[in-house]
Amino acid sequence: MNYSFKTMLILVLGAGLGTFSSCTEDEDEVTKPADIVVVQCYPTKITEVSDDGSVSTTYEYNAEKQLIKATAVEDGDSYVTTYEYTDGKLTSATSDGVVSTFLYENASDYPTRINIVDDGEPVYFTVITSANGNVTKVENSFYDDMGNAVLRDITTLVYTNGVLSSVVTDNYNAENESFSTDLEVTDFVFDGKKNPYNSSVAFAFEDEFNPTAVIKQNIVSANVVANFNGQEIKLPYTTVYAYNDNEYPLTSQETVFGMKTDYTFEYNCK
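Let us look at the structure shown here. (Residues numbered from 1 in each chain as written. Predicted model: local features only at pLDDT ≥ 70, side-chain atom pairs only at ≥ 80, totals over all residues. Heavy atoms only, no water.)

## Here's the deal with the state of the cysteines
A full pass over the atoms with the stated rule returns one disulfide. C41 shares a disulfide with C269; S-S distance 2.1 Å. With the S-S dihedral at roughly 105°, the linkage between C41 and C269 falls on the right-handed side. Residue C41 is located in strand β1 (residues 41-50), and its partner C269 is located in strand β16 (residues 259-269); the two are separated by 228 residues in the primary sequence. Judged by its relative accessible area of 0%, C41 falls in the buried class. (Disulfide = S-S within 2.5 Å. Helix = DSSP H or I, 4+ residues; strand = E, 2+ residues; numbered from the N terminus. Buried < 20%, exposed > 50% of the residue type's maximum accessible area, 1.4 Å probe, protein only.)

What follows is the structure, encoded as structure tokens:
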């Protein structure tokens, strides 16, 4: 597994993710008439198809509707991740010898640190900063051959009136102790519909702790500027959705730099 938040952002912009909600759950309750039954849909299968092939992932939940197992099938190979919870919060994820432990401070709903151990050896850790209910910074580090922690990259998220407005990833060069901007995403446009991942920390971890998975809407378009081998490349992004009756995406087609990826969503709606 590659724990690069930068890479994740490029790959999953079109996977039904979007901005952090600009309103709270209490505000949602105020604006909904009392006689309307709110239906929540939980993904049971998501299929991704592109020129590089296809990936199909099935999801299982516990009685509390928390994600407890994800099984991904790609090119005939199967990858299973299991999740465990304590007091309603995700505390660990295990996949093929890799164990990730989630740590929390105070009453935060978001983990403040994720420790990743591979076959008993610490390999990575992620430090997460949040404010006003939004994730504002994600710092990824790894351990070198001497066991020293080395910062790899920092992603900063900026909000305007509570809505995500920009995401910037800076890579750190430990040799000369300098930063270089590797990815910038701006000009987000959202659909006002429902994010299929239901603000789940487990689904965010599925995408290398992608904080944009812990949200309510879906991205329609954005502008991406990436640095590849020292060359700055602009990657306009768009996604077209079809929805079910409960305003969750049934299908989406995302286009980044002329490359298209199709997603199909299956749900259990309650």
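There's more to say after this.
## Notes on the pattern of salt bridges
One pass over the full model with this rule turns up two salt bridges. A salt bridge links R152 to D153, with the shortest nitrogen-to-oxygen separation between them at 3.4 Å. Overall, R152 belongs to the partly exposed group, its relative accessible area being 22%. Under the relative-accessibility criterion, D153 is labelled buried at 2%. The salt bridge involving E247 is made with K193; its shortest N-O contact spans 3.7 Å. Taken as a pair, E247 in the loop between β14 (231-243) and β15 (249-256) and K193 in the loop between β12 (178-190) and α3 (201-206) lie far apart in primary sequence, 54 residues in all. (Salt bridge = Lys/Arg side-chain N within 4 Å of Asp/Glu carboxyl O.)

## Some details on the side chain of T169
Secondary-structure assignment places T169 in strand β11 (residues 163-173). Side chain to side chain, T169 and T155 meet in a polar contact 2.7 Å long. (Polar contact = N/O pair within 3.5 Å; in protein donor to acceptor, adjacent residues only side chain to side chain.)

## So, the environment of Y263
By the secondary structure assignment, Y263 is in strand β16. Considered as a pair, Y263 and S56 are 207 residues apart in the sequence and their alpha carbons are 9.6 Å apart.

## Some details on the packing of aromatic side chains
Following the criterion strictly, the structure yields nine aromatic pairs and no others. Ring centres 4.9 Å apart and planes at 55° place the aromatic pair Y59 and F203 in the tilted group. In this pair, Y59 sits in strand β2 (residues 53-61) while F203 sits in helix α3, placing the two residues 144 residues apart along the sequence. In this structure, Y59 and F203 share a single accessibility class: buried. For the ring pair Y248 and Y267, a centre distance of 5.6 Å and an interplane angle of 55° mean the geometry is tilted. Within this pair, whereas Y248 is found in the loop between β14 and β15, its partner Y267 is found in strand β16, the two being separated by 19 residues in sequence. By way of ring pairs, the aromatic residues Y59, Y197 and F203 are connected into one cluster. (Phe/Tyr/Trp six-rings, centres within 6.5 Å; stacked < 30°, edge-to-face > 60°.)

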